[in-house]
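# Reading the structure
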Amino acid sequence: MLHRERNVENGILQIGGAAADQLAKACGTPLYVYDEGMIEARLKAYKQHFRSDLFDTEVLYASKAFACKALYQLLNRYDFGLDVVSGGELFLAKESGVPMDKIYFHGNNKTDAEIEMALSYGCGTIVVDHKMECERLIEAAEKQEHQINVMIRINPGVTAHTHKYIITGDLDSKFGVMMQNEEMILSMISSINQCSQLNFQGFHSHIGSQIFDLRAYETVIERLVKFIKKCETEHKIEINCLNLGGGFGSYYTQEDQPKAIEETCETLIKKCEKEIREKEVKLKQILIEPGRSIVAEPGYTLYTIGFMKDTPNKSFLFVDGGMTDNMRVALYDAKYDCDLACRMDEEKENKYTIAGKCCESGDILIERAMLPKAESGDLLAVYATGAYGYSMSNNYNRMRKLPVVFVKNGKARMVIKGESYSDQIRLETDEEVLI
Ligand SMILES: Cc1ncc(COP(=O)(O)O)c(C=O)c1O
Ligand SMILES: N[C@@H](CCCC[NH3+])C(=O)O
């Protein structure tokens, strides 16, 4: 079992060198807090270890895990590429000064407007998800001048051991073209190559998220390199790039045993080198696109405990947020750890159920939390909420989106303001619709 050491001073949890209670006092709760130095350490680890003498490498950050200008700017400093899946993420990237050649636009149902947007922005690479999108992209590309790289998302048919909602490489996945559907893949490549504005680069695959067993990726590498060899020899198609996707597991509770970034990178690199050497393929570049493993653990959510209530089998602590700021528990039965942030030195002898304030029985954040005897007004820190917390947050019950704070060397800066009630009604209107 793996435990995480927490930084504590005088019984108070420290995040990025700042005391949790000071952060809560300055910004209010509920609040997302990121330890910026911890994000940077992860970025450095990926950059340092995902390297090879045999091929070029690129690490893309998967925006869906958490996106904001401050993070994109940090990614720019570490020379990361970016995976975006919507016009919104693409727009944010542009506004944050992300170089367009660093952007890979994914998604199974890009709208015409998003395709136009990508082309007009000069977005570096579009990852085409299926044949119909390929045809639409060609039509749009032919009407303009920009050159754009294209990759095809392949479903290699590897089922990863993770929650069924976050598997993406199984037989009936909504993502990608099945690798067995060779005829379709070849015809897509041939049509892309006939369009003078499009440059076919290679294949992308992503088999799911929160995956701990790296053998799943090794199988993907074996299958795809074999397929690439076939493309090269039998069909005389040059494949420059292979993107292995993201999905590397993160630590949430002691049940989770993620591999260190160093080990993940080294395993993937070694396997790629072996397969490329043995099969003598000409691949020039290998990419990966982690999200969660960069931002999950550096993120914390601070809540204030409000009312408390005992039922025959449970002792509830109600907090001032809930499934609106963290829907992963209701959606995937995800598990989290927590502490009373100002009572870190006390024995944890009481079992509580931490519930949010939304009008849903399923609005439970932690089913069994061991804590010191809690009181109303205590500050609760939930750990590892940095991935898919803010990005999947919502306004159910007209709850407001929370502010986000980055902390480094004891200094905090607000990078996203909390939503106000008037922000929420700003888009309401009584305009006549002309039809
Ligand atoms: C295409 C693609 N790439 C990368 C990721 C990043 O996954 P994770 O945040 O688990 O690393 C995802 C999400 O599962 C994805 O769908
Ligand atoms: N949102 C999911 C992961 C989905 C990954 C995107 N394909 C999570 O919170 O775990």
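Remember, predicted model here, so these are calculated numbers, not experimental data.

### Some thoughts on the overall build of the protein
A tally of regular secondary structure across the protein gives 12 helices and 21 strands. For 435 residues, the compact-globule estimate of 2.2 N^0.38 gives 22 Å, and the protein sits close to it at 23 Å. Viewed in the frame of its principal axes, the protein has a C-alpha envelope of about 70 × 60 × 40 Å. Looking at the protein residue by residue over its 435 residues, the buried ones come to 56%. Nonlocal contacts in the protein, meaning residues at least 24 apart in sequence, comprise 71% of its contacts between residues at least 6 apart. Approximately 20200 Å² of the protein is accessible, and the part contributed by carbon and sulfur atoms is 48%. Averaging the coordinates of the 52 positive side-chain charges in the protein and doing the same for the 65 negative ones gives two points 2 Å apart.

### Description of the packing of helix α2 (residues 36–49) against helix α9 (residues 261–279)
Axis separation between α2 and α9 bottoms out at 9 Å; the angle between their running directions is 25 degrees. In terms of axis orientation, α2 runs roughly parallel to α9. The hand of the α2/α9 crossing is right-handed. Two secondary-structure elements touch here, α2 through Arg42, Ala45, Tyr46 and His49 and α9 through Ile261, Glu262, Cys265, Glu266 and Ile269.

### Re the UniProt feature "binding site: substrate" (unreviewed entry) in the protein
Cross-referencing UniProt, the feature "binding site: substrate" (unreviewed entry) maps to Arg292, Arg328, Tyr332, Glu360 and Tyr388 in the present numbering. Spanning 97 residues, the named residues do not form one spatial group; their C-alpha atoms are separated by as much as 26.8 Å. With respect to the helices and strands, Arg328 occurs in helix α11 (residues 328–332). Take Arg328: its relative accessible area is 4%, and that puts it in the buried class. With sequence-adjacent residues up to four places away left out, Arg328 is seen in contact with Tyr252, Arg292, Asp333, Ala334, Tyr336, Ala387 and Tyr388. Among the secondary structure elements, Tyr388 is positioned in the loop between β19 (379–383) and β20 (404–408). Filtering out sequence-adjacent residues up to four positions away, Tyr388 remains in contact with Lys64, Ala65, Arg292 and Arg328.

### Focus: the site of ligand 1
Taken together, 14 residues surround ligand 1, and among them His206, Ser209, Glu289, Arg292 and Tyr388 come closest. Here a nitrogen atom of ligand 1 and a side-chain polar atom of Asp83 are 3.3 Å apart. In the environment of ligand 1, an oxygen atom lies 2.3 Å from a nitrogen or oxygen atom belonging to the side chain of Ser209. If ligand 1 stood free it would expose 390 Å²; the protein chains cover 92% of that surface.

### Quick look at the site of ligand 2
Surrounding ligand 2, one finds 7 residues, the nearest of these being Arg292, Arg328, Tyr332, Tyr388 and Met392. Arg328 places a polar side-chain atom, nitrogen or oxygen, 2.5 Å from an oxygen atom of ligand 2. Between ligand 2 and the protein, one listed contact pairs a nitrogen atom with a side-chain N or O atom of Tyr332 at 2.8 Å. Isolated, ligand 2 exposes 310 Å² of accessible area, and the fraction of that covered by the protein chains is 84%.

### Brief notes about helix α8 (residues 215–235)
With 21 residues, α8 should cover 30 Å at 1.5 Å per step; its first-to-last C-alpha distance of 29 Å lies within 8% of that length. Considering only its buried residues, α8 is in contact with β9 (148–155), α7 (182–194), β11 (198–204), β12 (241–243) and α9. Lys236, located one to two residues past α8, shows a positive phi value of around 55 degrees.

### Considering the side chain of Ser293
Along the chain, the position of Ser293 falls in helix α10 (residues 292–295). Looking at Ser293, its side chain comes within polar contact range of the side chain of Tyr46, at 2.7 Å. Sequence-distant contacts of Ser293, defined by excluding residues within four places in its chain, comprise Arg42, Tyr46, Phe248, Gly249, Ser250 and Ile261.

### Remarks on the state of the cysteines
One pass over the structure, following the stated rule, counts 0 disulfides. With no disulfide of its own, Cys358 has Cys359 as its nearest cysteine by sulfur position, at a separation of 8.2 Å.

### Let's talk about the side chain of Asp378
Locating Asp378 in the fold gives a position in the loop between β18 (364–371) and β19. The class for Asp378 is buried, based on a relative accessible area of 14%. Within the local environment of Asp378, its side chain forms a polar contact with the side chain of Arg343, the two groups lying 2.7 Å apart.

### A closer look at the nonpolar core
What tends to happen in soluble globular proteins is that the nonpolar side chains get buried as a cluster. In this structure, Tyr61, Phe66, Leu71, Phe203, Leu302, Ile354 and Leu380 are the most contacted members of the largest nonpolar core, which totals 133 residues. Looking at which element gives the most residues to this core, the answer is α8, with 9 residues. Residues in contact with Leu71, not counting those within four places in the same chain, are Ile39, Tyr61, Phe66, Val295 and Phe406. Counting 6 residues, the second-largest nonpolar core is a separate cluster that includes Tyr104, Val127, Met151 and Cys241.

### Topic: the confidence of the model for the protein
Chain-level pLDDT for the protein is 96 on average; 97% of the residues reach the 70-or-more range. Interface confidence for the predicted complex, given as ipTM, is 0.98, next to a pTM of 0.96.

### Topic: the pairing of β19
Counting buried positions along β19 yields 5 of 5 residues, so the element is predominantly enclosed. Residues Leu379, Ala381 and Tyr383 line one face of β19 and the alternating positions Leu380 and Val382 line the opposite face, and both faces are buried. As paired elements, strand β14 (residues 299–310) and β19 share 5 bridges and run antiparallel to each other. Of the residues in β19, the one forming a bridge with Tyr303 is Leu380. Of the pairings in the sheet, the one linking strand β16 (residues 338–340) to β19 comprises 3 bridges and is antiparallel in character. Within β19, the position partnered with Cys338 by the bridge is Val382.

### Overview of the pattern of salt bridges
Opposite charge on two side chains lets them pair, provided their charged atoms get close. As enumerated under the stated definition, the model contains 25 salt bridges in all. Here the salt bridges share partners, and the residues they tie into one network are Lys47, Glu58, Asp79 and Lys102.

Basis of the calculations
Residues numbered from 1 in each chain as written. Chains lettered and ligands numbered in written order. Predicted model: local features only at pLDDT ≥ 70, side-chain atom pairs only at ≥ 80, totals over all residues. Heavy atoms only, no water. Helix = DSSP H or I, 4+ residues; strand = E, 2+ residues; numbered from the N terminus. Rg over C-alpha atoms; globule rule 2.2 N^0.38 Å. Buried < 20%, exposed > 50% of the residue type's maximum accessible area, 1.4 Å probe, protein only. Contact = heavy atoms within 4.5 Å. Areas by Shrake-Rupley, 256 points an atom, 1.4 Å probe, with all protein chains shown as cover. Lys, Arg positive; Asp, Glu negative; His and termini not counted. Charge placed at Lys NZ, Arg CZ, Asp CG, Glu CD. Axes fitted to C-alpha atoms, helices over the stretch in contact; angles between N-to-C directions. Parallel < 35°, antiparallel > 145°, perpendicular 65-115°, else oblique. Left-handed = near helix turned anticlockwise from the far one by under 90°. UniProt positions renumbered as here; feature names shortened; annotations may be inferred. Near = heavy atom within 4 Å. Polar contact = N/O pair within 3.5 Å; in protein donor to acceptor, adjacent residues only side chain to side chain. Expected span 1.5 Å × (residues − 1). Disulfide = S-S within 2.5 Å. Core = buried A, V, L, I, M, F, W, Y, C linked by side-chain atoms within 4.5 Å. pLDDT = per-residue confidence, 0-100. Pairing = 2+ DSSP bridges. Salt bridge = Lys/Arg side-chain N within 4 Å of Asp/Glu carboxyl O.

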